[in-house]
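# Understanding the architecture of this molecule
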Amino acid sequence: VQLVESGGGLVQPGGSLRLSCAASGFTFSSYDMSWHRQAPGKERELVARVTTAGGSTNYADSVKGRFTISRDNAKNTVYLQMNSLKPEDTAAYYCSTVVGGWPFWGQGTQVTVSS
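These notes cover the structure that comes with them. The numbering scheme is per chain: residues are counted from 1 as the chain's sequence reads. Per-residue local features of the predicted model are confined to residues with pLDDT of at least 70, and side-chain atom pairs are confined, for both listing and counting, to 80 or more; whole-chain, interface and lining totals are unaffected and use all residues. Hydrogens are left out, water is left out, and the side-chain values use all remaining heavy atoms of the structure.

### Some thoughts on the side chain of T97
Relative to the assigned elements, T97 resides in strand β9 (residues 91–99). For T97, the side chain forms a polar contact with the main-chain oxygen of D32, separated by 2.9 Å. Look past the residues within four positions of T97 in its chain and what remains in contact with it is V1, L3, F26, Y31, D32, M33, W102, P103 and F104. In DSSP terms, a helix is any run of H or I states spanning at least four residues, a strand is any run of E spanning at least two, and both are numbered starting from the N terminus. Pairs of N or O atoms within 3.5 Å make up the polar contacts considered here, provided that, within protein, one atom can donate a hydrogen while the other can accept it, and that residues adjacent in sequence are counted only when both atoms are side-chain atoms. In this description, contact between two residues means that some pair of their heavy atoms is separated by no more than 4.5 Å.

In structure tokens form, the structure reads like this:
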């Protein structure tokens, strides 16, 4: 299982970013996918999750209405569209899945929201 995130960067408050996570090494379409984040000094937290066919999503309360998770099973990729970004969204963002009972994580991509 390999997960590779991209799309992070520095953005001003109120701005937008789109994160991508390219997956390989497993049957992507058969597994739920999620995005997590970890800010310095804080525990990693779940941001959003999407089911196998994308029919169901759920979000942390802190990002509801601003972030959208989606997936393209033909491209083995999961996305996180982040709008109306706030300084408190600053964190390393990781995509994740559970295969065979084991959690797998990407290397993360840094998102910094600052003026």
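### What about the sheet that holds strand β3 (residues 17–24)?
When DSSP finds two or more bridges between two strands, those strands count as paired. Spatially, four strands are ordered β1-β3-β8-β7 in an open sheet, and the strand pairing comes out antiparallel. Sheet topology places β1 (2–6) and β7 (67–72) at the edges, where each strand pairs with a single neighbour. If you compare each strand with its neighbour and ignore which way they point, the axes differ by 15° on average. Bridging between β3 and strand β8 (residues 77–82) involves six bridges; their strand directions are antiparallel. Bridge pairing links L19 to L80 in β8. Simply put, an axis is a line fit to the C-alpha atoms, just over the touching stretch for a helix, and the angle between two N-to-C directions goes from 0 to 180 degrees.

### Regarding the pairing of strand β4 (residues 33–38)
Here β4 lies mainly inside the structure; five of its six residues are buried. Hairpin connection between β4 and strand β5 (residues 45–50): a loop of six residues separates the two successive antiparallel strands, and G41 in this loop has a positive phi of roughly 80°. Looking at chain direction, β4 and β9 are connected through five bridges and run antiparallel. Residue pairing in the sheet places W35 in a bridge with C95 of β9. Using a 1.4 Å probe on the protein chains alone, a residue whose accessible area is under 20% of its type maximum counts as buried, one over 50% counts as exposed, and one in between counts as partly exposed.

### A short note on the state of the cysteines
Cysteine sulfurs are considered disulfide-paired once they come within 2.5 Å of each other. What the rule picks out here adds up to one disulfide. Two residues, C21 and C95, share a disulfide whose sulfurs are 1.9 Å apart. Residues C21 and C95 are joined by a disulfide whose S-S torsion is about 40°; by sign, that bridge is right-handed. Note that C21 is positioned in strand β3 and C95 in strand β9, a separation of 74 residues in sequence.

### Some points on unusual backbone geometry
For N76, which is not glycine, the phi dihedral falls at a positive 50°. Here N76 lies in the loop between β7 and β8. Although it is not a glycine, S84 adopts a positive phi angle of roughly 50°. Of note, S84 is situated in the loop between β8 and β9. Using a relative accessible area of 39% as the deciding quantity, one classes S84 as partly exposed.

### Thoughts on the pairing of β5
Relative to β5, β4 runs antiparallel, the two sharing five bridges. If you follow R37 over to β5, its bridge partner there is E45. As paired elements, β5 and strand β6 (residues 57–59) share three bridges and run antiparallel to each other. Residue pairing for β6: A48 is matched across the bridge by Y59. Between β5 and β6, which pair antiparallel in sequence order, lie six residues; one of them, G54, sits at a positive phi of approximately 80°.

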